[in-house]
Amino acid sequence: MPLELYLDLHSRPCRSVFLFAKKNDIPFEFKFVDLASGQHYGEDFGNVSVVRKVPVLKDGDFILTESVAILKYMAEKFSASVSDNWYPADLQERARVNEYLAWQHSAMRAHGSKVYWFRAILPIITGAEVPKEKMDSAMEDLTQSLKVFEEKFLQDKPFIVGDQISLADIVAIVEVMQPFGTGLDVFESRPKLSAWKDRVKKEIGEALFDEAHNSLMNVANLPQTFEKNGMLEFLKPRIQKMFN
Ligand SMILES: N[C@@H](CCC(=O)N[C@@H](CS)C(=O)NCC(=O)O)C(=O)O
């Protein structure tokens, strides 16, 4: 029985799981969970995960949440066909992957995500732009994370671990693309970051990369989607609470 992956490709952690599984020909059934229509609050998804967040992996009776755990599970379960570079057996190379995966939660992920929410979602929910000082502060945090990414994690290497792509690069690229999807060109004036993005995209394959990012690049359609699904009033208090 193939794995089941519960995903919505608007979500960065879902994209990393999707890209890794597809790139490595891991057989899976794509179970779409439409976040914009609140499907994750429904009974069906509640039976799969009480966390009510995507991604979720289901392998028979075994259910796993958290993208990083899911990525490692797939790399280890399918180690016969997934090449070593993705999650290297070498102690120190694996530690480099883990170092990035541990850092990104509270830095690149948190900061890229905040800018995305401030630029793409909050204005739809509140009907107003995010106040300038809040936006400036979010942008400063993102700039700082991108600086650390370039100076500490990338340095002058083609990929985070060295010459070959790993799980760390996949997790990083989906996060860097999130603010980019709102029209903020994070690659402008960052030649190192931009060259890395081109390498990652080439390594993953342009068609697969674009397939994964298609819904993000159409984020302008979100207001109509929320409205159509009657989600605005439902989401308003929840989202305002997240950013107060
Ligand atoms: N730490 C989790 C984060 C999962 C997560 O926050 N997923 C978001 C989409 S990016 C979600 O499902 N949000 C639904 C909600 O919070 O209502 C992971 O890496 O898998």
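Residues numbered from 1 in each chain as written. Predicted model: local features only at pLDDT ≥ 70, side-chain atom pairs only at ≥ 80, totals over all residues.

## Re the overall build of the chain
Where we set the bar: A run of H or I in DSSP counts as a helix once it spans at least four residues, and a run of E counts as a strand once it spans at least two, with each numbered from the N terminus. Note that the radius of gyration is over C-alpha atoms, with the globule rule given as 2.2 Å times the number of residues to the power 0.38.
In terms of regular secondary structure, the chain is built from 10 helices and 4 strands. Helices and strands in the chain line up, N terminus first, as β-α-β-α-β-β-α-α-α-α-α-α-α-α. Over its C-alpha atoms the chain spans a radius of gyration of 18 Å, differing by no more than 12% from the 18 Å that the globule rule assigns to 244 residues. Overall size of the chain, expressed as C-alpha extent along the three principal axes, is 50 × 45 × 30 Å.

## Some points on the site of the ligand
Our working definition: Near, as applied to residues and a molecule or strand, means the residue's backbone-placed C-beta atom lies within 6 Å of it. Under the scheme applied, nonpolar residues are Ala, Val, Leu, Ile, Met, Phe, Trp, Tyr, Cys and Pro; charged residues are Asp, Glu, Lys and Arg; polar residues are all the others, including Gly.
Every residue close to the ligand is listed here: S11, R12, P13, L35, H40, K53, V54, P55, E66 and S67. Partitioning the shell around the ligand into residue classes produces 4 nonpolar, 3 polar and 3 charged.

## Quick word on the sheet that holds strand β2 (residues 28-32)
Here is the rule we go by: Think of it this way: DSSP has to see at least two bridges between two strands before they count as a pair. Every axis corresponds to a line fitted to the C-alpha atoms, with the helix fit spanning only the stretch in contact, and the corresponding angles, defined between N-to-C directions, vary from 0 to 180 degrees. A residue pair is marked as a contact if its C-beta atoms, positioned from the backbone, fall within 7 Å.
Strand order in the open sheet formed by 4 strands is β2-β1-β3-β4, and the pairing between neighbours is mixed. The sheet terminates laterally at β2 and β4 (62-65), the two strands that pair on one side only. Here the strands of the sheet are splayed against their neighbours by 20° on average, with no regard to which way each runs. Its contacts with the sheet place helix α1 (residues 12-23) against β1 (3-7) and β2, and it is angled at close to 145° to β1.

## Side note on the pairing of β1
Worth spelling out the cut-off: Counting other C-beta atoms within 10 Å of a residue's own tells you its class, since 20 or more makes it buried, 12 or fewer makes it exposed, and anything in between is partly exposed; those C-beta atoms are placed from the backbone. Look down the strands so they point away from you; if the path from the first strand over the helix to the second goes clockwise, the crossover is right-handed.
Here β1 lies mainly inside the structure; 4 of its 5 residues are buried. In this sheet, β2 lies alongside β1 in parallel orientation, the contact comprising 5 bridges. For Y6, the partnering residue across the bridge sits in β2 and is K31. Running through α1, the crossover from β1 to the neighbouring parallel element β2 is right-handed.

## Considering the UniProt feature "domain: GST N-terminal" (unreviewed entry) in the chain
As a reminder of what qualifies: UniProt positions are given in the numbering used here, feature names are shortened, and annotations may be inferred rather than shown by experiment.
In the numbering used here, UniProt assigns the feature "domain: GST N-terminal" (unreviewed entry) to residues 1-82. Span residues 1-82 is 35% helix and 22% strand, its end C-alpha atoms 19 Å apart.

## Topic: the pairing of β4
Pairing geometry for strand β3 (residues 56-59) and β4, over 4 bridges, is antiparallel. Residue pairing across strands places L57 opposite L64, the latter belonging to β4. In this antiparallel pair of consecutive strands, β3 and β4, the connection spans 2 residues, and G60 shows a positive phi of 65°.

## Let's talk about helix α3 (residues 67-77)
Defined as follows: Taking the helix axis as origin, the arc is that swept by the directions to the C-beta atoms.
Restricting attention to buried positions, one finds in α3 the residues S67, I70, L71, M74 and A75. The buried residues of α3 all sit within an arc of 130° when viewed along its axis, so they share a single face. Looking at the buried residues of α3, the elements they touch are α1, β3, β4 and α6 (167-180).

## Observations concerning the packing of helix α5 (residues 132-154) against helix α7 (residues 191-204)
When two helices pack together, you describe them by how their axes are tilted relative to each other and by the distance separating the axes. Worth spelling out the cut-off: Here the angle decides the label: under 35 degrees means roughly parallel, over 145 means roughly antiparallel, 65 to 115 means roughly perpendicular, and every other value means oblique. In this scheme, a crossing is called left-handed if the near helix is turned counterclockwise away from the far one by less than a right angle; it is called right-handed if the turn is clockwise.
Remark: α5 packs on α7, axes separated minimally by 10 Å, with the N-to-C direction vectors making an angle of 70°. Of the possible angle classes, the one that applies to α5 and α7 is roughly perpendicular. When the axes of α5 and α7 are compared, the crossing they make is left-handed. Mapping the contact onto sequence places L146, E150 and L154 in α5 and K192, L193 and W196 in α7. Split into classes, the residues belonging to the contact of α5 with α7 amount to 4 nonpolar, no polar and 2 charged.

## What to know about the nonpolar core
Put simply, the rule is: We define the nonpolar core as any set of buried residues of the types Ala, Val, Leu, Ile, Met, Phe, Trp, Tyr and Cys, connected via C-beta atoms lying within 7 Å of each other. Domain ranges listed in this record stem from an automatic or a database domain assignment.
Core analysis: the biggest nonpolar cluster contains 59 residues, and L7, V17, F18, F20, L167, A168 and A172 have the highest contact counts within it. Of all the elements, helix α4 (residues 91-126) adds the most residues to this core, at 12 residues. Looking at which domains feed residues into this core, each of domain 1 (3-82) and domain 2 (86-235) gives three or more. The residues touching F20, leaving out its near neighbours within four places in the chain, are L71, M74, L167 and I170.

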